[in-house]
Amino acid sequence: MSDKAVQEPAAETHSFQAEIKQLLNIVIHSLYTHKEIFVRELISNGADALEKFRHEALVNPDISGKDDELAIRIDLDEEAGTIAISDNGIGMTREELTENLGTIARSGTKAFLQKLQEGAQRDLSLIGQFGVGFYSSFMVAKKVTVETRSCHSDSQGWRWESDGLGSYTIAEAAGLARGTRIVIDLKEDDAEYAKDYRIRDIIQRFSNFVNFPILLGGGKVNTVQAIWARNRNEVTDEEYTEFYKFVAAAHDEPHTRLHFTADAPLAINALLFVPKENLERIGFGRMKPGVDLYCRKVLIMKAPEELLPEWLRFAKGVIDSEDLPLNISRETLQDNRLVQKLSNVVAGRFIRHLAEEAEKEPERYRAFYKSHGQYIKEGVIQDFRHRDDLAKLLRFETSKTKSGETVSLADYVSRMGAEQKEIYFINGPSREAIEAGPYVEAFRARDIEVVFALEQIDDFVLTNLAEFQEKKIVSSDSGDLSLPGDDPKGEGEELSADAAGELCGWLKTVLGDRVGEVKVSRRLVSSPAVATTEAGMTSTMQRMLAAMNRENGGEASGAMLKLEINPRSPLVHRLDALRASEEEFAKTVAEQLLDNALIAAGMLADPRNMVERMNKLLAKAAGVA
Ligand code: ADP
Ligand code: MG
């Protein structure tokens, strides 16, 4: 080639972005069991590049080479100790090279790095899911060389080189064909990756479903097929699992899969998987969506954000619809009515699939809910269109389940007594805390089942949902709670209505702005007092508000708070007498009564005043004050 005779310009040296250096440092210096995944990552990048080219060739008339056969080629040289992976895909311009192989932009990547560094999850096989798969090649490389030329006709070729130790070089490279070739000079210990049988085996395990031929030693190694477009009955479980591992870059088995075809209102072929593990739950950052959008087996976009409702970001797989225009862009995706429709149909089908699992295989569903329940809850809050169906998928412990056992809201409703008109819930940090608190008393006394909202988000979910099967959902600490049946019979004698009214007035004066109202309770059996809140303003929300309002000691705003006192409690009787005989002491008791009620509600933010007061009370009880 005459080009070879021409002197190539000197290479420019660039430093990697700090995060990449950090990542490379981990990748190079640690021992990993899944080194082989670098093959999968480079092949998948090649396939992405081919998809992008195919798409570009369809929508851009100025692209040449439209009829080329698209493929990934692997060349091994045992003697030289190299493996080269080439594609005739979209290629990269100089800017794209520095941008794509020198910086990390994605948010999830930082969390991934953090985890890797902590060593808690030293599992590099996840790397592809965090948008940094390319760098896995440095697990086995002394040096990585990337030669690339963009598909745009005026583009020239570039050579990128790095030993992964902090910097890379870029130089012009003459005579390159369109696409990208990545050559890895293997470390001595990793010479096996230049062996044909080894690479063949890896491809068959991890990259069998790549949408383009993978050529090795002159022949095609993979089964190129769009599995989602095949008939369900003809695909084996093994093929599905293999495909899952491929699309999700996972190496476990999926928890469940949904493969369906629809003709109306849109022609859809979808194949979705739920992974067993929920990475968000084990401390990785927020996941990116994982469902790719295809049109007649041509990739339109890899995992676009707008394709499915946000809560469905844990799903992995493919949606193919021949009704979509190929030239749709990320920007127009959100406003596209067809995409909206597609999203609704798929989300609806997916929810139905989960509902069926819940009914037919409750144990399996329980496992799913345990790991992925947060997404269902998020959906109830955010996805108005599917809220009612998602609400049926919620599961809660209640006052009548065993610890750890859960029921659906539908089960709850079906167990309601004839007189009960509403669904009740109590939120608290644990079952034990709720059962020991004052809120459950009224329900226990009337034998009414009450839902336990044990996670912070549950409170929001239930408040947001507001009703289920036309039954209002009511928080047990709402001030206007009116329960069916008789008031519970407390142990002691009741304070007269007048006396109780006067005592309430006195308490309000003593407690001032700390409470909005003090009233006689109809719900308490043995506790002397309970804190309740404005209807619809549950204590979790109050806590959040209080946290935002740290200036005034972080205590919940008193205006929204009610203190309810139990007219049968001996302590309340005694307090009523004390305020005549020993008013200063009675005031101290009153303040403490409120603090105790706030503690039970989880609303006492600043205990300092209380400790001092408790010491006074103790001194009094001990007869030294
Ligand atoms: P991801 O594939 O998740 O984006 P990678 O670290 O694997 O993350 O790759 C980073 C980027 O480098 C890709 O998004 C792509 O833009 C570019 N890239 C990598 N390999 C190729 C290739 N063979 N052809 C074209 N671009 C590539
Ligand atoms: Mg990649």
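Keep in mind that this is a model prediction, so the values were computed, not measured.

Parameters at a glance
Residues numbered from 1 in each chain as written. Chains lettered and ligands numbered in written order. Predicted model: local features only at pLDDT ≥ 70, side-chain atom pairs only at ≥ 80, totals over all residues. Heavy atoms only, no water. Helix = DSSP H or I, 4+ residues; strand = E, 2+ residues; numbered from the N terminus. Rg over C-alpha atoms; globule rule 2.2 N^0.38 Å. Buried < 20%, exposed > 50% of the residue type's maximum accessible area, 1.4 Å probe, protein only. Contact = heavy atoms within 4.5 Å. Areas by Shrake-Rupley, 256 points an atom, 1.4 Å probe, with all protein chains shown as cover. Lys, Arg positive; Asp, Glu negative; His and termini not counted. Charge placed at Lys NZ, Arg CZ, Asp CG, Glu CD. Near = heavy atom within 4 Å. Polar contact = N/O pair within 3.5 Å; in protein donor to acceptor, adjacent residues only side chain to side chain. Nonpolar A, V, L, I, M, F, W, Y, C, P; charged D, E, K, R; others polar. Expected span 1.5 Å × (residues − 1). Pairing = 2+ DSSP bridges. Axes fitted to C-alpha atoms, helices over the stretch in contact; angles between N-to-C directions. Parallel < 35°, antiparallel > 145°, perpendicular 65-115°, else oblique. Left-handed = near helix turned anticlockwise from the far one by under 90°. Domains from an automatic or database assignment.

Caption draft 1: Quick look at the overall build of the protein chain. Secondary structure assignment for the protein chain yields 19 helices and 22 strands. At 32 Å, the protein chain has a C-alpha radius of gyration far larger than the 25 Å of a compact globule built from 625 residues. Dimensions of the protein chain, computed from C-alpha atoms along their principal axes, come out at roughly 110 × 55 × 40 Å. Scored against the burial criterion, the 625 residues of the protein chain give a buried share of 53%. Considering only intrachain contacts with a sequence separation of at least 6, the fraction spanning at least 24 residues in the protein chain is 71%. For the protein chain, the accessible area works out to roughly 29,000 Å², and carbon and sulfur atoms hold 48% of it. Placing the 78 positive and 101 negative side-chain charges of the protein chain at their respective mean positions leaves the two points 2 Å apart.

Caption draft 2: Just the site of ligand 1, in detail. In the vicinity of ligand 1 lie 13 residues, with N45, D87, N100, G133 and F134 positioned nearest. Within the side chain of D87, an N or O atom sits 2.9 Å from a nitrogen atom of ligand 1. The side chain of T180 places a nitrogen or oxygen atom 3.2 Å from a nitrogen atom of ligand 1. Counting residues per element, the shell around ligand 1 draws most heavily on helix α2 (residues 37-59), at three residues. Here the residues of the shell around ligand 1 sort into five nonpolar, five polar and three charged.

Caption draft 3: Fine view of helix α18 (residues 583-600). Between its terminal C-alpha atoms α18 stretches 26 Å, which fits the 26 Å expected from 18 residues at 1.5 Å a residue. Along α18, the positions that sit buried rather than exposed are A586, T588, V589, A590, E591, Q592, L593, L594, D595, A597 and L598. Where α18 is buried, its residues touch α15 (497-511), β21 (529-533), β22 (561-565), α17 (570-581) and α19 (608-621). Backbone geometry just downstream of α18 places G602 in the positive-phi region, at approximately 70 degrees.

Caption draft 4: Local environment of the environment of G505. Tracing the chain through its elements places G505 in helix α15. The spacing of G505 and K519 is 14 residues in sequence and 8.6 Å in space, taken between C-alpha atoms.

Caption draft 5: Just the sheet that holds strand β4 (residues 141-149), in detail. With mixed pairing, the nine strands of this open sheet are ordered in space as β1-β6-β5-β4-β7-β3-β2-β8-β9. This sheet does not close on itself; its edge strands, each paired only once, are β1 (12-15) and β9 (219-220). Bridging between strand β2 (residues 72-77) and strand β8 (residues 214-216) involves three bridges; their strand directions are parallel. Bridge pairing in β8 places R73 opposite L215.

Caption draft 6: Region of the structure containing the sheet that holds β21. Strand order in the open sheet made by the three strands is β20-β22-β21, with mixed pairing throughout. Looking along the sheet, the strands with just one partner apiece sit at the ends: β20 (517-520) and β21. Recorded for the sheet is a direction-independent mean angle of 30 degrees between the axes of neighbouring strands. Bridge count for β20 against β22 is four bridges, and the pairing is parallel. Paired with K519 across the two strands is E564, which belongs to β22.

Caption draft 7: Broad picture of the environment of A10. Here A10 is to be found in the segment before β1. A relative accessible area of 71% means that A10 is categorised as exposed. When the C-alpha positions of A10 and Q129 are compared, they lie 36 Å apart, and in sequence the two are 119 residues distant.

Caption draft 8: Fine view of unusual backbone geometry. In this structure, P265 follows A264 across a cis peptide bond, with omega equal to 0 degrees. Residue placement: P265 occurs in the loop between β10 (254-262) and β11 (268-275). Positive phi, normally seen in glycine, also occurs at A249, with a value near 50 degrees. Locating A249 in the fold gives a position in the loop between α6 (237-248) and β10.

Caption draft 9: Looking closely at the side chain of R579. Relative to the helices and strands, R579 is located in helix α17. Residue R579 is classed as buried on the basis of its relative accessible area, which comes to 19%. Within polar-contact distance, the side chain of R579 engages the side chain of D576 at 2.9 Å. Discounting chain neighbours no more than four positions away, the residues touching R579 are E502, L503, W506 and A586.

Caption draft 10: Structural context of the packing of α15 against α17. For the pair α15 and α17, interaxial distance at closest approach is 11 Å and the crossing angle is 70 degrees. Judged on the interaxial angle alone, α17 and α15 are roughly perpendicular. Here α15 and α17 pass one another in a crossing that is left-handed. Between α15 and α17, the residues in contact are A499, E502, L503, W506 and L507 and V572, L575, D576 and R579, respectively. Taken together, the residues that form the contact of α15 with α17 break down as six nonpolar, no polar and three charged.

Caption draft 11: Quick peek at the environment of E51. With respect to the helices and strands, the residue E51 is situated in helix α2. Residue classification places E51 among the buried residues on the basis of a relative accessible area of 4%. E51 sits 19 residues away from L70 along the chain, and the two C-alpha atoms are 9.1 Å apart. If sequence neighbours within four positions are ignored, E51 has contacts with N211, F212, Y294, V298 and L299. Here N211 takes part through its side chain, which lies 3.2 Å from a polar atom of the side chain of E51.

Caption draft 12: Molecular detail of the domain arrangement of the protein chain. Looking at the protein chain, the domain boundaries give domain 1 (12-220), domain 2 (227-373), domain 3 (394-475) and domain 4 (497-622). When each unit is reduced to the centre of its C-alpha atoms, the spacing between domain 1 and domain 4 is 65 Å.

Caption draft 13: Examining the packing of helix α8 (residues 337-360) against helix α9 (residues 362-382) more closely. α9 packs onto α8 with a crossing angle of 140 degrees between their chain directions and a minimal axis gap of 8 Å. The angle between the axes of α8 and α9 places the two elements in the oblique class. Where α8 crosses over α9, the handedness of that crossing is left-handed. Of α9, the residues touching α8 (which contributes L354, E357, A358, E359 and K360) are P362, R364, Y365, F368 and I376. Of the residues assigned to the contact of α8 with α9, the class counts are six nonpolar, no polar and four charged.

Caption draft 14: Just the side chain of T180, in detail. By the secondary structure assignment, T180 is in strand β7 (residues 179-186). The exposure class of T180 is buried, given its relative accessible area of 8%. Polar contacts involving the side chain of T180 include one to the side chain of T148, which spans 3.0 Å. Those residues within four positions of T180 in sequence are excluded, and the remaining contacts are I85, S86, D87, G91, M92, V146, E147 and T148.

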